[in-house]
Amino acid sequence: MSTTTISTSTSQNASRKKVTTLTFRQKKERGEAITMLTAYDYPTAMAMDKAGVDSILVGDSLAMVVLGYENTLPVTMDEMLHHARAVARGAKSALLVGDMPFMSYQVSVEDAVRNAGRFLQNGGMDAVKLEGGRERADAVRAIVGAGIPVMGHLGLTPQSVHQLGGFRAQGKTASAAKILLEDAKILEEAGAFSLVLESVPARLAEYISKQISIPTIGIGAGAGCDGQVLVTHDLLGLFERFTPKFVKQYAKLHEDLNKAFTDYIDDVKNKRFPAVEHTVEMTDEEWEEFERLSVLRPNSLEKKR
Ligand code: KIV
């Protein structure tokens, strides 16, 4: 089997130690919040690694916020690996988690182990994430058995959007909450090192976080989780189609991009760009020589004929 060498950036944040699954566990024990964000490209991964984020998820949200699909289902393993490699080149210290796309782990445990392996071998990732509870316990056990750290994902699991009847909060009834708690314990027992809890009631997320020894990473699950993750395009105000209620926007990049593009178009149309400072110079001496050469050239060509 061929392997791809991933060279990671060494030019920044040289002093920060590599974050590992052990760091996750220690942070939970110390009560320190774990920070996680999604990234899909080199410059974004580099910027967040430099900012000190603990973990970067190459999420299958790629399908929606970068590739423009309606949901996460169409994105493939090859597309995920392409973006994982870009992120791995940009981030040196953060724990890198590759999100297993729809149909890369549901058909068989063998598929699940093989595709999880590809994230480490060909994508430069340190761990993988997959969605689901008890129905994925065998896959989690087998992947962990192959030496690959697994992050679980419970609550709103976007790959089951059609089964769930839309992107809606989960675990809001007593019986649904009980199943969620059981699933969290099953994933812990199967060897997952951490667990994303998406769109579940804050009191339930906090309760689950206290009941299991592995760290929970919340998204729309309140402040009682051991860490937090957001889709970076939501945080940056870059994804305009919709913004979930639980998102805090730290920038309005869609508006900034729009302004930059309209300013550029206006400058070009009105001959304000390029200006002198954007222009390559040539000395008078070279120019005069060029004129002399180009005047001589037609004559010399004629002489040859
Ligand atoms: O794909 C993704 O970005 C995710 C996060 C929402 C946790 O799974």
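Conventions used here
Residues numbered from 1 in each chain as written. Predicted model: local features only at pLDDT ≥ 70, side-chain atom pairs only at ≥ 80, totals over all residues. Near = placed C-beta within 6 Å. Nonpolar A, V, L, I, M, F, W, Y, C, P; charged D, E, K, R; others polar. Buried ≥ 20, exposed ≤ 12 C-beta atoms within 10 Å, placed from the backbone. Helix = DSSP H or I, 4+ residues; strand = E, 2+ residues; numbered from the N terminus. Pairing = 2+ DSSP bridges. Right-handed = clockwise from strand over helix to strand, strands pointing away. Arc of directions from axis to C-beta. Contact = placed C-beta atoms within 7 Å.

A. Spatial organisation of the site of the ligand. Surveying the vicinity of the ligand reveals the residues Thr-38, Leu-57, Gly-59, Asp-60, Ser-61, Asp-99, Val-196, Glu-198, Ile-219, Val-229 and Val-231. A breakdown of the residues in the shell around the ligand according to their chemical character gives five nonpolar, three polar and three charged.

B. Representation of the pairing of strand β6 (residues 194-198) within the structure. Buried residues dominate β6, accounting for five of its five residues. Of the two faces of β6, the one lined by Ser-194, Val-196 and Glu-198 and the one lined by Leu-195 and Leu-197 are each fully buried. As paired elements, strand β5 (residues 150-155) and β6 share five bridges and run parallel to each other. Paired with Gly-155 across the strands is Glu-198, a residue of β6. As judged from the four bridges shared by β6 and strand β7 (residues 216-219), these two strands associate in the parallel manner. Opposite Leu-195, over in β7, you have Thr-216 as the bridge partner. As for the winding sense of the linkage, the β-α-β connection from β6 through helix α9 (residues 202-211) to β7 is right-handed.

C. Region of the structure containing helix α1 (residues 21-30). Taken as a whole, α1 has its buried residues at Thr-21, Phe-24 and Lys-28. Considered in projection along α1, the buried side chains sweep an arc of 50° and stay on one side of the axis. Among the exposed residues of α1, those pointing more than 90 degrees away from its buried face are Leu-22, Gln-26, Glu-29 and Arg-30. Residues of α1 that are buried sit in contact with β1 (34-38), β3 (95-99), β4 (127-129) and β6. Just beyond α1, the residue with positive phi is Gly-31, at close to 75°.

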